Structures are given as structure tokens and as C-alpha cells.
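Topology and contacts: notes
Listed here are the chains, written in short residue letters.
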Amino acid sequence: DTAVSQTPKYLVTQMGNDKSIKCEQNLGHDTMYWYKQDSKKFLKIMFSYNNKELIINETVPNRFSPKSPDKAHLNLHINSLELGDSAVYFCASSQGQGAGYGYTFGSGTRLTVV
Amino acid sequence: EDQVTQSPEALRLQEGESSSLNCSYTVSGLRGLFWYRQDPGKGPEFLFTLYSAGEEKEKERLKATLTKKESFLHITAPKPEDSATYLCADLDNYGQNFVFGPGTRLSVLP
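Fair warning: this is a prediction, and the values are worked out from it, not measured in the lab.

Take the interface of chain A and chain B next. Taken together, the 21 residues of chain A in the interface contact 19 residues of chain B. Between the two partners, chain A and chain B, sit zero salt bridges. There are five residue pairs in polar contact (both at pLDDT 80 or more) connecting chain A and chain B. Partitioning the side of chain A that touches chain B into residue classes produces eleven nonpolar, eight polar and two charged.

On to the pairing of strand 6 (residues 56-59) of chain B, then. Residues and elements named next belong to chain B. Of the strand pairs in this sheet, strand 6 and strand 7 (residues 62-66) are connected by four bridges, and their pairing is antiparallel. Bridging across to strand 7, K59 finds its partner in L62. Two successive antiparallel strands, strand 6 and strand 7, enclose a turn made up of two residues, where E60 displays a positive phi of approximately 55°.

Another aspect to go through is the state of the cysteines. A full pass over the atoms with the stated rule returns two disulfides over all chains. In this model, C23(A) is linked to C91(A) through a disulfide, with the two sulfur atoms separated by 1.9 Å. Measuring handedness by torsion sign, the sulfur bridge of C23(A) and C91(A) sits at about -75° and is left-handed. Of this pair, C23(A) sits in strand 3 (residues 19-25) while C91(A) sits in strand 9 (residues 87-94), placing them 68 residues apart in sequence. Residue C91(A) is classed as buried on the basis of its relative accessible area, which comes to 0%. Residue pairing for C23(B): its cysteine sulfur links by disulfide to C88(B), the two sulfurs lying 1.9 Å apart. Taking the sign of the S-S torsion, 80° for the link of C23(B) and C88(B), the bridge is right-handed. Placement of C23(B) in strand 3 (residues 19-25) and of C88(B) in strand 9 (residues 84-91) is noted, with a sequence separation of 65 residues between them. Residue C23(B) shares its accessibility class with C88(B), and that shared class is buried.

Procedures and definitions
Residues numbered from 1 in each chain as written. Chains lettered and ligands numbered in written order. Predicted model: local features only at pLDDT ≥ 70, side-chain atom pairs only at ≥ 80, totals over all residues. Heavy atoms only, no water. Contact = heavy atoms within 4.5 Å. Salt bridge = Lys/Arg side-chain N within 4 Å of Asp/Glu carboxyl O. Polar contact = N/O pair within 3.5 Å; in protein donor to acceptor, adjacent residues only side chain to side chain. Nonpolar A, V, L, I, M, F, W, Y, C, P; charged D, E, K, R; others polar. Pairing = 2+ DSSP bridges. Helix = DSSP H or I, 4+ residues; strand = E, 2+ residues; numbered from the N terminus. Disulfide = S-S within 2.5 Å. Buried < 20%, exposed > 50% of the residue type's maximum accessible area, 1.4 Å probe, protein only.

Take a look at the structure:
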């Protein structure tokens, strides 16, 4: 069984569109995250979500919004997509928040905006 | 701003040729130094956490060590299946989220 699963794996879309990426974890973890890996391979935190508390990286445009219907899911919705949004997006989860808990990452969603 | 740097950017080794990867961090009050392995098309896989200078952790052919300013990932007698990108990370100043380095892309040739 996949611990952290993301769909879709690949997403190609036009500028200006709105899209969503889904993430589900079956580990019983209580914190979930979204990371962005850009073309230079840097992984940067976008959001963390724990017990309905959302912590946002202030550099993330408000076109990006996470939505969590329950503890096992954290979806990423992106409005008005731009070329610069092209990247690989990783969902992750951990038991506990921060303080050095090892993350379990999904396999990533490669988003290409044309 | 908290920064994590890694060197070299890429490393090619022959099978059995031992070497080390470097990770340097600038955050004050280290809350943990983490190593991850990332295979192409996959998410990072957790390897080690180090918390204090002098600490060492081992897993198969990998050994991670930590000083006050940097960490090393030593690879002993590597095999082709060790080929991957190795990422290190520390925690941000709030102790909440990882700050990742750019990674070292390791290729082990048979």
C-alpha cells in the first residue's frame, strides 16, 4: 500500500487555468505538507497543516490554496496558473509537527504550464 | 536567512570507490540535521537525523556525521544501487519546516 499518494503524477495545462492536485496518506499522521521543487531542484515548503491549523509560507502566492477535507487528505488548488508555477509538487506527512519528525513524501506531481 | 549548501553538486564514483558528501548549514541553534535520498521521479526518502556535534548514524554503506557547522555523508564501497540524489536539510528558525539543500547527485558506475 502506498503511504502517501498524489494524483495526478503529470499535469499539463494552459496559463490562466485552475487546477487541483490531490494527496492522501494512510499512515495515520496528523501533519501534512506541500513542497515545491523547482528546476534547480530546491525543495521549499509551501504549507503545513496540523489539526486544522494552517501554516503558510509567506512567499507563496495567494493563488495557491490548500484544502483539507479530513486528516488523511490535503489537496492543493491553484488558480490562474502562470508559467512560473511549472515545477514538481510533493505532498508529505509526519507524525507530529516540526521538531525533527521524519517526513514521508509522495512521488510528486510534475506540473507543466504552457 | 537560513541556508543549506551541499557539495559537490554531482559526483561520479566507480563501484567500490568510497567518498563523502558535504552539507553546510547556517541556521543558529541547530534543531536537527536530516539526510534524505531521492531517486528520479520519486519523493525524498528519509535516511538519518543528527542532533548534536559528534553524533554519527549508520545504515548499510552510509554513515552520517555532524560537526558544529557541517555534516558529512560517507559512502563506503558504494554499489550502483546507491546512485541517487542525496539531500540534506535542517529545520527553519521556528523549528517547524525543513530547509533543504540543493542536493548532491551521486552516480556509481559498475
